[in-house]
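If you want the building blocks of each chain, they are given just below.
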Amino acid sequence: MTSTEQTLTSRQAPDSGPASADRRRWFALAIVMTAAFMDLVDVTIVNIAIPSIQRDAGASVSQIQWITAGYALAFAAALITGGRLGDIHGRRRLFLIGIGGFTLASALCGFAANPEMLVASRILQGGMAAMMVPQVLSIVHATFPAHERGKVFGLFGAIVGLGAVSGPLLGALLTEWNLFGLEWRPIFLINLPVGIAAFLLGRRFITESKAPKALKLDLVGVALVSLGLLMLLYPLTRGRELGWPLWGYVCMAGALVVFAALVSYEKRKAARDGSPLIELSLFRVKSFAAGIAVQTVFGVALGIFFLVWTLYMQIGLGWSPLRAGLTGVPFSIAVSVAAGMSVQKLVPRFGRKVLQAGALVMGAGVLLYLWEAHRYGLAIASWQMALPLVVMGAGMGLIVAPLTDAVLSEVPREHAGSASGLINTVQQMGNALGLGLVSVVFFGEIGDRPAPAQVGPAFVHAFQHALWWVAGIMAAIFLLMSALPKRPAQHVEGAADEELPAAERQPELVS
């Protein structure tokens, strides 16, 4: 992520022999991959437990939205800053701070006394993930030579796929088992032994690395982004419960003013010291601007779908967490298979058409799901959902894997790191916005406290309404993709390094 922001110099730690250095780096890889897996699982594991949290903790509609949106918002707001802090103060140090804080926040989530404490702990957890996650790829970049990174990033892709599949299943099992009578709490408490082990082993095996000319922090930019998103999301999540008061509309309008102030400040920041949070000059590149729009809108679609889908299956249809988790397995497998095919075989041959086909296929899967939900109603079975979920997963896989390369294709090399960080940030922001919109597109259709006999039909109807939104968003994504390059560049990890002088190919290692 941010490791590509700088031209880095090389110095191997003098007290490590080849054999011990080789062992240390593979241990270090296992540790940072475990941390990445924890973050991926934590994002997906929570959704499946949301109905249990609502029932056991008495969380309101807006609170269950903030349990997921708070994490995404904090993660997005601090992601670029987390990467820069690692460049400045050391990736190992920030990784340890991040995983230590993530583990502590997980404990606070697991022992939360009320929904308010759970929301606050989730926001802290997202902020700590933003300190930890950017260091993962930077540490890999600093630890492995260019010719080995292809294999390493192949392993990383496998971990991502495993996290996508295992997160919902693990959440379903832990919730279903109700260990020690703790209901949903083990989904967070399971992070404690893993996080503590990763922290202790990371201190021993990860070698410190820094960027000799790291970009400065832009804390004012972070504050403005956070304030603008909060002013937009808070009224969206609370508005329906409060009867859409006037202050909510004023607050959302004020968010536009804050974002305008952010653009003005970032222009001055770039002119003053060249280290803005958002490199606005990137938006002059048509493909990058369109790609950022695609990432944001795609994040909105995913934010809406996954929360609504869980509530539909568990509350609307009355399914157990385990049945809901198992129902999602075909989707996860389809995403992983299609993602591998799109990068390795399809995009090199067909280019942008693969991404556009992915948007159409995913949209078709959504419409198929909509038709089945309408036809079968409360009697729908898990196997009947398999086909639309496989179609949706295949479409999503065709998009997610090659999209970053497509967005970065025409970005100047010196801005590749800033652009990569921004891509990840806006997708998380879109996700948070989608979760906020659930109040409008889903709960707004259910009404206030339906009678017990009406809960199922109300949730089925609301799910269908939300799917229309998702289908419309996929149509918008298809149109936006027309601005992406016809032949996205296939960036080979380490290729840029080979173009540099020998002394500049590896990051500086600090013993």
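Residues numbered from 1 in each chain as written. Predicted model: local features only at pLDDT ≥ 70, side-chain atom pairs only at ≥ 80, totals over all residues. Heavy atoms only, no water.

### Digging into the overall build of the chain
Here's step 1: Looking only at helices and strands, the chain features 17 helices and two strands.
Here's step 2: Looking at the chain residue by residue over its 511 residues, the buried ones come to 55%.
Here's step 3: For the chain, the proportion of contacts with a sequence separation of at least 24, taken over those separated by at least 6, is 85%.
Here's step 4: Carbon and sulfur atoms make up 66% of the accessible area of the chain, which amounts to about 20800 Å² in all. (Helix = DSSP H or I, 4+ residues; strand = E, 2+ residues; numbered from the N terminus. Buried < 20%, exposed > 50% of the residue type's maximum accessible area, 1.4 Å probe, protein only. Contact = heavy atoms within 4.5 Å. Areas by Shrake-Rupley, 256 points an atom, 1.4 Å probe, with all protein chains shown as cover.)

### Observations regarding the packing of aromatic side chains
Here's step 1: For the structure shown, the criterion picks out 16 aromatic pairs.
Here's step 2: Plain terms: the ring middles of Phe283 and Phe288 are 5.6 Å apart, the flat faces sit at 70 degrees to each other, and that makes the pair edge-to-face.
Here's step 3: An angle of 25 degrees between the planes, with centres 5.2 Å apart, marks the rings of Phe305 and Trp309 as stacked. With a gap of four residues between them, Phe305 and Trp309 both fall in helix α10 (residues 286-316), about one helical turn apart.
Here's step 4: Taking the relative accessible area as the measure of exposure, Phe305 reaches 4% and is therefore buried.
Here's step 5: What links up through ring pairs into an aromatic cluster is the set Phe305, Phe306, Trp309 and Phe331.
Here's step 6: The ring of Trp319 has Arg323 sitting right over it, with the charged end atom 3.8 Å from the ring centre. (Phe/Tyr/Trp six-rings, centres within 6.5 Å; stacked < 30°, edge-to-face > 60°. Lys NZ or Arg CZ within 6 Å of the ring centre and 35° of its normal.)

### Looking at the nonpolar core
Here's step 1: With 108 residues, the main nonpolar core has Phe288, Tyr312, Tyr369, Phe442 and Phe463 as its most contacted residues.
Here's step 2: For this core, the element with the highest residue contribution is α10, accounting for 15 residues.
Here's step 3: Every residue in contact with Phe288, bar those within four places of it in the chain, is listed here: Leu282, Phe283, Val407, Val411, Ala419, Leu422 and Ile423.
Here's step 4: Counting residues in each nonpolar core, the second largest holds 32 residues, with Met38, Tyr71, Leu96 and Ala198 among its members. (Core = buried A, V, L, I, M, F, W, Y, C linked by side-chain atoms within 4.5 Å.)

### Considering the pattern of salt bridges
Here's step 1: Under the defined criterion, the tally for this structure stands at four salt bridges.
Here's step 2: Across the salt bridge formed by Asp42 and Arg122, the nearest N and O atoms sit 2.8 Å from each other. One end of the pair, Asp42, is in helix α1 (residues 18-57); the other, Arg122, is in helix α4 (residues 115-143), and 80 residues separate them in sequence.
Here's step 3: For Asp42, a relative accessible area of 1% translates into the label buried.
Here's step 4: Using a relative accessible area of 2% as the deciding quantity, one classes Arg122 as buried.
Here's step 5: Between Lys269 and Asp273 there is a salt bridge; the shortest N-O distance is 3.0 Å. Residue Lys269 and its partner Asp273 are both found in helix α9 (residues 246-273); the two are separated by four residues, about one turn of the helix. (Salt bridge = Lys/Arg side-chain N within 4 Å of Asp/Glu carboxyl O.)

### Brief notes about helix α2 (residues 61-89)
Here's step 1: For α2, built from 29 residues, the straight-helix expectation of 42 Å at 1.5 Å per residue is met to within 8% by its first-to-last C-alpha distance of 40 Å.
Here's step 2: Of all the bends in α2, the greatest measures close to 45 degrees and is centred on Leu79.
Here's step 3: Burial analysis of α2 places 27 of its 29 residues in the buried class, the great majority of the element.
Here's step 4: Residue Gly90 follows α2 closely and has a positive phi angle near 115 degrees. (Expected span 1.5 Å × (residues − 1). Bend = angle between axes of the 7 residues up to and from the residue.)

### So, the environment of Ile45
Here's step 1: The topology assignment puts Ile45 in helix α1.
Here's step 2: Residue Ile45 is classed as buried on the basis of its relative accessible area of 1%.
Here's step 3: Remark: the alpha-carbon pair of Ile45 and Phe188, spanning 143 residues in sequence, is separated by 8.9 Å.
Here's step 4: In this view, Ile45 contacts Gly167, Leu170, Gly171, Leu174 and Ile187; residues no more than four positions away in its chain are not counted.

### Details of the side chain of Arg185
Here's step 1: Within the secondary structure, Arg185 is located in the loop between α5 (146-177) and α6 (186-189).
Here's step 2: The side chain of Arg185 sits in the buried core without any salt bridge; Asp56 is the nearest counter-charge, 4.5 Å away.
Here's step 3: With near-sequence residues (within four places) excluded, Arg185 lies in contact with Cys109, Gly110, Phe111 and Ala112. (Lys, Arg positive; Asp, Glu negative; His and termini not counted.)

### Brief notes about the environment of Pro348
Here's step 1: Mapped onto the elements of the fold, Pro348 is located in helix α12 (residues 329-350).
Here's step 2: Residues Pro348 and Arg487 lie 139 residues apart in sequence; the distance between their C-alpha atoms is 7.7 Å.

### Digging into the packing of α2 against helix α8 (residues 219-239)
Here's step 1: Two elements in contact, α2 and α8, have axes whose closest approach is 10 Å; the angle formed by their N-to-C orientations is 165 degrees. Accordingly, the angle class assigned to the pair α2 and α8 is roughly antiparallel. Along this stretch, α2 crosses α8, giving a crossing that reads as right-handed. Mapping the contact onto sequence places Ser62, Gln65, Trp66, Leu73, Ala77 and Thr81 in α2 and Leu219, Val222, Ser226, Leu229, Leu230, Leu233, Tyr234, Thr237 and Arg238 in α8.
Here's step 2: Looking at the contact of α2 with α8, its residues break down into nine nonpolar, five polar and one charged. (Axes fitted to C-alpha atoms, helices over the stretch in contact; angles between N-to-C directions. Parallel < 35°, antiparallel > 145°, perpendicular 65-115°, else oblique. Left-handed = near helix turned anticlockwise from the far one by under 90°. Nonpolar A, V, L, I, M, F, W, Y, C, P; charged D, E, K, R; others polar.)

### Notes on the environment of Val297
Here's step 1: Position of Val297 among the secondary structure elements: in helix α10.
Here's step 2: Between the alpha carbons of Val297 and Leu480 there is a distance of 9.7 Å; along the sequence they are 183 residues apart.
Here's step 3: Once you skip the residues sitting within four places of it in the chain, Val297 turns out to touch Ile473, Ile477 and Leu480.

### Focus: unusual backbone geometry
Here's step 1: At Asn178, a residue that is not glycine, the phi angle is positive and equals roughly 50 degrees.
Here's step 2: Here Asn178 lies in the loop between α5 and α6.
Here's step 3: In this model, Trp244 sits at a positive phi of 50 degrees, which is unusual for a non-glycine residue.
Here's step 4: In this fold, Trp244 is placed in the loop between α8 and α9.
Here's step 5: Judged by its relative accessible area of 31%, Trp244 falls in the partly exposed class.

### Notes on the confidence of the model for the chain
Here's step 1: For the chain, the mean per-residue pLDDT works out to 85, and 89% of the residues sit at or above 70.
Here's step 2: Per-residue pLDDT stays below 50 along residues 1-17; that stretch engages in 54 contacts with residues further than four places along the chain or on separate chains.
Here's step 3: Of the regions scoring below 50 in pLDDT, residues 490-511 engages in 66 contacts with residues more than four places distant in sequence or in other chains. (pLDDT = per-residue confidence, 0-100.)

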